[in-house]
Each structure stands twice: as structure tokens, then as C-alpha cells.
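# Architecture and fold: a report
Each chain, written out:
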Amino acid sequence: MEHLVRVLQTDRSDSEIIGYALDTLYNVISNDLEEEEQEENSPKQVDDLGSQFTEIFIKQQENVTLLLTLVEEFDFHVRWPGVKLLTSLLKQQGPQVQQIILVSPMGVSRLMDLLADSREVIRNDGVLLLQQLTKSNAAIQKIVAFENAFERLLDIITEEGNSDGGIVVEDCLILLQNLLKNNNSNQNFFKEGSYIQRMKPWFEVGDDNCGWSAQKVTNLHLMLQLVRVLVSPTNPPGATSSCQKAMFHCGLLQQLCTILMATGVPADILTETINTVSEVIRGCQMNQDYFASVNAPSNPPRPAIVVLLMSMVNERQPFVLRCAVLYCFQCFLYKNQKGQGEIVSTLLPSTIDATGNSVSAGQLLCGGLFSTDSLSNWCAAVALAHALQENATLKEQLLRVQLATSIGNPPVSLLQQCTNILSQGDKIDRRGSKVQTRVGLLMLLCTWLSNCSIAVTHFLHNPANIPFLTGQIAENLGEEEQLVQGLCALLLGISIYYNDNSLENYRKEKLKQLIEKRIGRENFIEKLGFISKHELYSRAAQKPQPSFSSPDHMMFDHEFTKLVKELEGVISKAIYKSSEEDKKEEEVKKTLEQHDNIVTHYKKVIREQDQELEELKQQVNTLKSQNEQLQTTVTQQVSQIQQHKDQYNLLKVQLGKDNQHHNSHSDTVQMNGIQVEEVSKLKEELEEWKNKHELLQGQLREKDSLIEKLKPLQLETGTEQSSQTSKSSGLEHNNELQKELEMLRTQIQLQSAEISKLQAENQKLQVMNTSADPALGDSSATAAKNLELEGRLVQEVKELKSEVKALSEEKASLKQHLDSSNSTVAILQDEKSKLQQEVAESKKEQDDLLVLLADQDQKLSALKNKLKDLGVPVEDEDDIESGDQADEDEDGDEEEQD
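You'll find the protein entered in an unreviewed UniProt entry as General vesicular transport factor p115, with Anser cygnoides given as the organism. Under Function (unreviewed entry), UniProt gives the following word-for-word description of the protein: "General vesicular transport factor required for intercisternal transport in the Golgi stack; it is required for transcytotic fusion and/or subsequent binding of the vesicles to the target membrane. May well act as a vesicular anchor by interacting with the target membrane and holding the vesicular and target membranes in proximity." The heading Sequence similarities (unreviewed entry) in the UniProt record of the protein holds the text "Belongs to the VDP/USO1/EDE1 family."

Counting its regular elements, the protein contains 40 helices and four strands. The buried share of the protein, taken over its 898 residues, is 43%. Taking contacts inside the protein between residues at least 6 apart in sequence as the whole, the part at least 24 apart equals 74%.

Evaluated as defined, the whole model comprises 13 aromatic pairs. Where phenylalanine 556 meets phenylalanine 560, the ring centres are 6.4 Å apart and the plane angle is 10°; that geometry is what we call stacked. Judged by its relative accessible area of 1%, phenylalanine 556 falls in the buried class. Clustering of aromatic rings is evident, with ring pairs tying together Phe146, Phe150, Phe189, Phe190 and Tyr195. The ring of tyrosine 26 has lysine 84 sitting right over it, with the charged end atom 5.1 Å from the ring centre. Directly above the aromatic system of tyrosine 334 lies the positively charged group of arginine 282, at a separation of 3.9 Å from the ring centroid.

Take the state of the cysteines next. Under the definition given, this model contains zero disulfides. Here cysteine 328 stays unpaired: no disulfide links it, and the sulfur of cysteine 331, its closest cysteine neighbor, is 6.9 Å away. What makes cysteine 328 buried here is its relative accessible area of 1%. Sulfur of cysteine 418: no disulfide; nearest cysteine sulfur belongs to cysteine 366 and is 8.1 Å away. For cysteine 418, a relative accessible area of 0% translates into the label buried.

The next point concerns a negative patch on the surface. A contiguous patch of negative charge, built from Glu608, Asp610, Glu612, Glu614 and Glu615, is present on the exposed surface. Tracing the backbone shows glutamate 615 in helix α34 (residues 579-655).

On to the pattern of salt bridges, then. Under the counting rule described, the total for this entry stands at 18 salt bridges. Taking the shortest distance from any N to any O, the salt bridge between arginine 123 and glutamate 160 comes out at 3.1 Å. Taken together, the residues span a long stretch of sequence, with arginine 123 in helix α8 (residues 120-133) and glutamate 160 in the loop between α10 (149-159) and α11 (167-180) at a distance of 37 residues. The exposure class of arginine 123 is buried, given its relative accessible area of 6%.

Attention now goes to the environment of proline 237. With respect to the helices, strands and loops of the structure, proline 237 is situated in helix α14 (residues 237-249). Along the primary structure proline 237 and glycine 283 are separated by 46 residues, whereas in three dimensions their C-alpha atoms are 9.3 Å apart.

In the predicted model, the protein carries a mean pLDDT of 82, and the fraction of residues at 70 or more is 79%. Note that residues 34-41 has pLDDT below 50 and, in this model, one contact with residues that lie over four places away or in other chains. Every residue in residues 771-784 scores below 50 in pLDDT, and together they form six contacts with partners more than four places removed in sequence or on other chains.

With that settled, consider the packing of helix α18 (residues 304-312) against helix α19 (residues 319-333). Close contact between α18 and α19 brings their axes to 8 Å; oriented N to C, the two are set at 140°. Between α18 and α19, the angle is such that the two are oblique. As for the relative orientation of α18 and α19, their crossing is left-handed in sense. Together, Ile305, Leu308, Leu309, Ser311 and Met312 of α18 and Arg322, Val325, Leu326, Cys328, Phe329 and Phe332 of α19 make up the contact between the two elements. The residue inventory of the contact of α18 with α19, partitioned by class, reads nine nonpolar, one polar and one charged.

Once that is clear, we can look at helix α33 (residues 558-576). Between its terminal C-alpha atoms α33 stretches 29 Å, which fits the 27 Å expected from 19 residues at 1.5 Å a residue. The largest bend in α33 comes to about 30°, at leucine 567. The distance from a side-chain oxygen at the start of α33 to the backbone nitrogen of glutamate 559 is 3.4 Å, and the residue carrying that oxygen is aspartate 557.

On to helix α5 (residues 76-92). Here α5 is 17 residues long and its end C-alpha atoms lie 24 Å apart, about the 24 Å a rise of 1.5 Å per residue gives. Of all 17 residues in α5, twelve are buried, a share of seventy percent or more. Buried residues of α5: Val78, Arg79, Pro81, Gly82, Val83, Leu85, Leu86, Thr87, Ser88, Leu89, Leu90 and Gln92, and no others.

What follows is about the packing of helix α27 (residues 465-474) against helix α29 (residues 508-518). Direction vectors running N to C along α27 and α29 enclose 35°, while the axes themselves pass 11 Å from each other. Two packed elements cross with a definite hand, and for α27 against α29 that hand is right-handed. Counted together, Ile466, Thr470 and Ala474 of α27 and Leu511, Leu514 and Arg518 of α29 form the full contact between these two elements. Partitioning the contact of α27 with α29 into residue classes produces four nonpolar, one polar and one charged.

It is worth spelling out the side chain of arginine 110 at this point. Tracing the chain through its elements places arginine 110 in helix α7 (residues 107-112). In terms of polar contacts, arginine 110 uses its side chain to reach the backbone carbonyl oxygen of proline 105, at 3.4 Å. When residues no more than four places from it in sequence are discounted, the contact partners of arginine 110 are Thr65, Leu68, Thr69, Glu72 and Pro105.

Side chains of Ile598, Tyr602 and Ile606 sit close together on the surface and give an oily, nonpolar patch of about 300 Å² of accessible area. With respect to the helices and strands, tyrosine 602 occurs in helix α34.

Our next topic: unusual backbone geometry. Of note, methionine 106 is a non-glycine position whose phi angle comes to about 55°, a positive value. Looking at where methionine 106 falls in the secondary structure, it is placed in the loop between α6 (94-103) and α7. Given the relative accessible area of 56%, methionine 106 is considered exposed. Despite not being glycine, asparagine 148 has its phi angle at roughly 70°, a positive value. Among the secondary structure elements, asparagine 148 is positioned in the loop between α9 (138-146) and α10. Taking relative accessible area as the criterion, asparagine 148 reaches 36% and is therefore assigned partly exposed.

A few words on the side chain of serine 88. Locating serine 88 in the fold gives a position in helix α5. Overall, serine 88 belongs to the buried group, its relative accessible area being 5%. If near-sequence neighbours (up to four positions away) are discounted, serine 88 is found in contact with Tyr26, Ile29 and Ser30.

Criteria and cut-off values
- Residues numbered from 1 in each chain as written.
- Predicted model: local features only at pLDDT ≥ 70, side-chain atom pairs only at ≥ 80, totals over all residues.
- Heavy atoms only, no water.
- UniProt positions renumbered as here; feature names shortened; annotations may be inferred.
- Helix = DSSP H or I, 4+ residues; strand = E, 2+ residues; numbered from the N terminus.
- Buried < 20%, exposed > 50% of the residue type's maximum accessible area, 1.4 Å probe, protein only.
- Contact = heavy atoms within 4.5 Å.
- Phe/Tyr/Trp six-rings, centres within 6.5 Å; stacked < 30°, edge-to-face > 60°.
- Lys NZ or Arg CZ within 6 Å of the ring centre and 35° of its normal.
- Disulfide = S-S within 2.5 Å.
- Patch = residues over 30% accessible without salt bridge, like charges linked within 9 Å, V, L, I, M, F, W, Y side chains within 5 Å.
- Areas by Shrake-Rupley, 256 points an atom, 1.4 Å probe, with all protein chains shown as cover.
- Salt bridge = Lys/Arg side-chain N within 4 Å of Asp/Glu carboxyl O.
- Lys, Arg positive; Asp, Glu negative; His and termini not counted.
- Charge placed at Lys NZ, Arg CZ, Asp CG, Glu CD.
- pLDDT = per-residue confidence, 0-100.
- Axes fitted to C-alpha atoms, helices over the stretch in contact; angles between N-to-C directions.
- Parallel < 35°, antiparallel > 145°, perpendicular 65-115°, else oblique.
- Left-handed = near helix turned anticlockwise from the far one by under 90°.
- Nonpolar A, V, L, I, M, F, W, Y, C, P; charged D, E, K, R; others polar.
- Expected span 1.5 Å × (residues − 1).
- Bend = angle between axes of the 7 residues up to and from the residue.
- Polar contact = N/O pair within 3.5 Å; in protein donor to acceptor, adjacent residues only side chain to side chain.

And the structure:
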């Protein structure tokens, strides 16, 4: 071996000899002999030899480190035998080799690269190597998981065809189980990495499920186990719950339920699927509600729960399958009060289907409870006990259930029927264990009566029950019957402990006296202890899933073991208590009840006060918000006031002794500041009207010039043709025109007078505006002197403090001035409205003038046409423009005189 190791160290460059050396070491250390070579006594000897050689090899840790470096080589003839040798070392001395690899730098990371090798032989052997490496070592499991193992393994499973793949898929699934089982960190990483969603395609099955290969069955079995690893009841509750929710949201639970209801699925896969669904829904309300809604594809469709219960109470079904169905039913009811209520409601008189077309869950349980098969009796009793687990209201409701035992006899309560079967014992011919039925019924009765005084009263009301229990406990029977005696003692103890003394003949004290006389306290306690000392009890207490090697071992339920632990000590104390202690205890209970009532009363008061407090808090919050808004507005106003004060102080400092003069000007500035815009508007309007007036005057001048030029022509024609009557009529018409012209001139004169008035008012406004301009000019000039005044400001700060009161008075006077200016503004606005009315009137008059001028134009054109008809030459307007110019000058002079 030393020589072989030396070859590995020195001949690194020769891959062929390195490969031979690794193969030789593998053959020396490995136990994988051919079948022909294996004899009956050889395995032990071979194991010893392999482990001895492994110890020699790993004694020098450098050898393992050297092997890790060789595994990094890409050469097939080096890498493959290196992987096989390392796997063999891990098989022989796993923990020691794991520790060496863990402490070597990048040891695990180097081995993870094997999964990425393109050569399938090396990749597959790399999976086997990692299987051995990750066994029972949480630290290496975490490193492998964080080296992206989940992603790579799931990719390989997908490439190989999921459940239809070969043995490579099986190896990957075993490695995944190694990484996830009992490793909360890796489970959380698997869930957070959304790898649960990638498990859904594994469980896609077709309609025809016949002829599955053995490898497919093995693969699906491992896949289902992997799901169970994530939702195992032994995991932390928070981690299990988050995985259950993720499985529902990604559709994995729905896929599992499809397999559950599919036809042709092999029995062992169906059993494992039922167990998997059980743990996926256990304690998760959302998943339990979904499972309750699943229907089997039958005609008519039946709920999946009913179909499963039919299998459970059918004695022809395999024992393992019946256990799986019972576990599924228990998980469905675990912390599911809604589901418990639905199951119990199917037994109540008001909800039983009178037609009998559909079989309910409750009817199946009752049928199993009273069948002649002891296994069905036990399963039905345990299932019904789970429907009552930690639910006092349902225990009381189940007392209402009445059973018709035979035709003609009155109905019997379910509780009475259970005790009747229990008392008959071996008289009924049953298939299976004789003890099993009685143990199941006693577990049901103990669960039913615990923490329910009304049920205890109903039980004690039957006079045959207590004598039967005391008779069973007092007898000296064989080992098989000792378990029944212990359960009878527990049931009697529950009847004492939860007794409310409502029945005079069966008060606590009388029952204790009965035990003392017929059984003896020590004997009673000894019989009670038979339960927890039993081997099958300790097995059942380990995990929730009912797993029994044979039907005869099916005695205890996991949840019932918890109840026994809770009640055993309490009942022992209750038996030894005297009547005085019981009275004291009852008094304490009464005081506690009173105390509870007081507490509940105060709780109500506190709730009401809490509501009032909440309302008051809301009011306070609203008031606070309002207060904050008001404060913000106040601060804004204060800042504005401060700005005004600062401006005022600045003006005060700047103007100094000329304060009065400044005040008078500031009034006019304030007043004009308001009026400037209005005055400018009025100016613009007056300018427009002036322009329009000038245009009208120009048009009138043109018409006058035309008329003046036409006059001499008319006179000439009048002298030449005085004889003609038509000429005289033309002169008359001309006189009429002259009259009309005179009237027009008078109107124009009136209009010009109005315009002159408007001009005068406009001049007044301009004068007022110009009076404001010097003040504005002064303010601009004072602004230039700010720099000089800053020095004076520093000196006069102290003086200004003394002048604050005076300034406040001046502020009041300023307010008065402001009010007066506002009144003047109102007066000016009235004047403005009057002016606007006058302007509107003048506009109307000018419109009338335009109409008259248009009529005049028509008349003039008519006169010209007549003159042309008369043969008088008439000049056009273009020819007489020079003449019109002189007339315009004369008209202008006349208007100025006016």
C-alpha cells in the first residue's frame, strides 16, 4: 500500500499508471465481490479486511487529500477510479473519512463538480459518492445543499424522465432524502428555493396505470417519501406548515389526490400515497378543507373520505392499507374542529339521509364499530375518538345519537350500545383478537367521557356500568386481560374525576368507597399502571402514524397515549383524596368559577373601555390633525405679519424724518397701485374711440368736398336749363340734401363735444396718475440709498425697540388710510362704470352716423347718376383729391373753433 501511495504522489504526470494504482487500491479496500466468490462465512472476514485496509490508508490524512486532488483531474482513467476508491473508503470508515474531507480546503466543493461532468458514468458514480458522504453528517449536508445540489439533482431527475427514469433517478432521490431528512436548515432552503414546485411533475399519472415497471414503483415510492420528509410531524411546526401551504398552492396536493382516486395504481404506491396525503393535510386547515371537497370518480360521485372509510372497515382490504386510511382520517381531523363537526353531524338524527341512497362517514363508522371483525371495531372506535378529540360540544352532541338495534325494540343511545358490547365481551363470536374490540371501545369511552361531565352522568345513569367495571378490575386474569383491566380502571377513574355529583347514588365519595371495598386503592392504582407499562403503549407513543407489524399488535392509538399521560397522575391523586378534601376542592372550584365569572365580567368591561379608548384615540388623532393644520396656518400668518413688519421697519428707517410725507405718498401709491390697470384700460378704449372718430371725420370731409364740388355744377346747369321744369326739381332735391348735411354736421359737433368731455376726464386721470409717479420715483431713488442706510440701521436698532409702540399706533392709522383709499377706489370704480356707459352711448351714436353716411353715399350716387343723365359732366373722387385737401383744412379750422 505504501508503494501504491508513493506512485500516486510521484507519478502524477503519468495518468495510466495513476489509474492502475487507484484501481488496485479500490480492489484491495472494496468489498464488492462477484457473486460466485461470495461464500456463506466470507462476508464478515471481507468486511474486517476492507475496514482494516481503509484504516491503514486514512491514517495519513494526506492520502485522502491527495485522492481529492486526483478526483479533480479530468482524465477519465484517473477520475473514475478515484471516485470509486473514495466511495469505498466512505463505505468502510464513513465518519472518519467525512471528517477528513470536511476539514480539507474546498473538499466538498471539489466533489460537487462531479455532478456537472458530461460523462454519465462519472456523474452517476459521483451521486453514489455523495450518498455516502452525506450520511448522518448535518454539516456536510448543509455544504452540499448550498453548493446548488438541489438544482443539479432535480435537473438530472428531469433529464432521466422523472418517475419513468432508471436507477439514476433512484440514486438522486436517495441523495435528496439524505440532504433533507432531519435537517431543518436544508428543508427551509429547499422550500425557499421554490424546489417544491418542481416536484409536481413527478406525480403526473395517466388513465391507464397498468403494467408499471418495478423501477417506476421504486422511484415513486422514494418520491412520496421525499414529500413526507418535508411535512413530517417530527419537523418544527412552523416549517411543516409553510411546506404544506406551498404544496397546496403549487398543486402538488391536488396531484396526490388524483393518484389516490386513480384506478390501477399498485397497492404499495396507493398505501404510501395515502400516508403522504395524510401528512400533507395534517393540522393545516386549508389543506383539510380541500381534502374534504375531493370526490371519487364514481357514479354518483362520493366524497374521498367516505370511499377511504369504506376501505378501512372492509376486512378484505390489506392490513397496511387499512392502517394508512385510519392515519389519513386521523390527520384530517387533527386540529380540525370544522371537520370533526361534519363527521359527527352525519350521525345526528336531523342530518341522516332517510332515503338511504348515500352512505355517510358516520354510518360507516357505526357499521365498523358493531361489525364482527375486531380490526374494524378497533379502527372505527379510534376514528370516532379522533372526531371527539378536544371538542366538548361534540361530546355532548354525540349523546343524542340513537341506534335501532333490532326491529320492534326501542332505539338505544350510541353510548349505551358501546357499553352493552363491552359488557358482552367474549359472548359474541368475532374474527381476530378478542381483546382488540374491548380495548378500542374502552379508548373511545375514555376519550368521550374525559373533560365532559354530562357524558359521565349519562354513563353512570346505566346501573350496569359501574358493577361491570369494578368486576373487571377486581378479577385476577391473564396477561392479555391485564390491558383491559387497566383501561377499565382508567374509565372508572375518569367517572370519578369528572363527576359533578348530580346522581346521588354515584357521587364521588360513594364511588371511592366502592373501590376501597371491592378492589382496594393500591390494587386499583396497580391496575391503572398496567397501561403505561405495556410494550405496545410505548411503541404507539413514539409517533402519530399507526404502524403495526401485525393486526394483533394494534392496541393503542398515539393520541390516546397522550390522554393517559395526562390523566394517570390526576386520577391517582383523586382516589386518595378524602371527602373533606373533595369538599374543599369543590369549594375551590366554586370560588374559581366565581372568580372566572368576575374575570369574564371585568374582561367585558375592559373590552368596552378599550372600544371607548379607541374611539377617544381616534377623536384625539382627528383633533391633533386639525390642531396641526391650524398651527401651520397660524405660523404662515405670523410669518406674513413678520414680513410686513420688516418691510414697514425698512421703510421707516429709509425715510426717517420724512415719515409723514412718505405716508401721504404711500397712500396715493396704494390708491394708484389699484387704479393703474383700470386707467390704462380706459386709455386704450379712448384711443380706439379717437381713431374711429377720426376715420368718421375723414369720411365726412370727403363727402362734404364732393358736395361742395357738385354745387357749382348744379348752379351752371340751373342757368343753362332754367326753362326746363326738371332742373328746378333737381335744385329742390339738392336743397334737401344740404339740409340733411347740416343736420349731420350738428350731430357730429355734438359727438365731438362729448369726445372732448371724455378727453378732459382722461386728462384728469392722467394728472392723478402722474401725481403717483414722483412717489414711485422717490421709492426707486430711496432703494439706491439702501447701502448707505444699512450702517445707520445697526445704530438705530436700540431706538427702534422703543418706537415699537409708536409704530403700532401708526399701523392703526395706516389701516384707516387704507380704508379711506378703499373707499376712493370704490368711488373711482363707480366713475369708471359711468364712463363705460358713456362710451357705449357714443358707440351707438357713431353706429347711427355710419348708417346715415351710408344713406348719404347712396343719395350722392343717385344724384351723380341724375346729373349724368342730365348731361352734366361729373368728376370722380380721385380727380378732386387736391380740392378736397383745402376743404379739409377749412373744416378742421371750423372744428377747432367749435
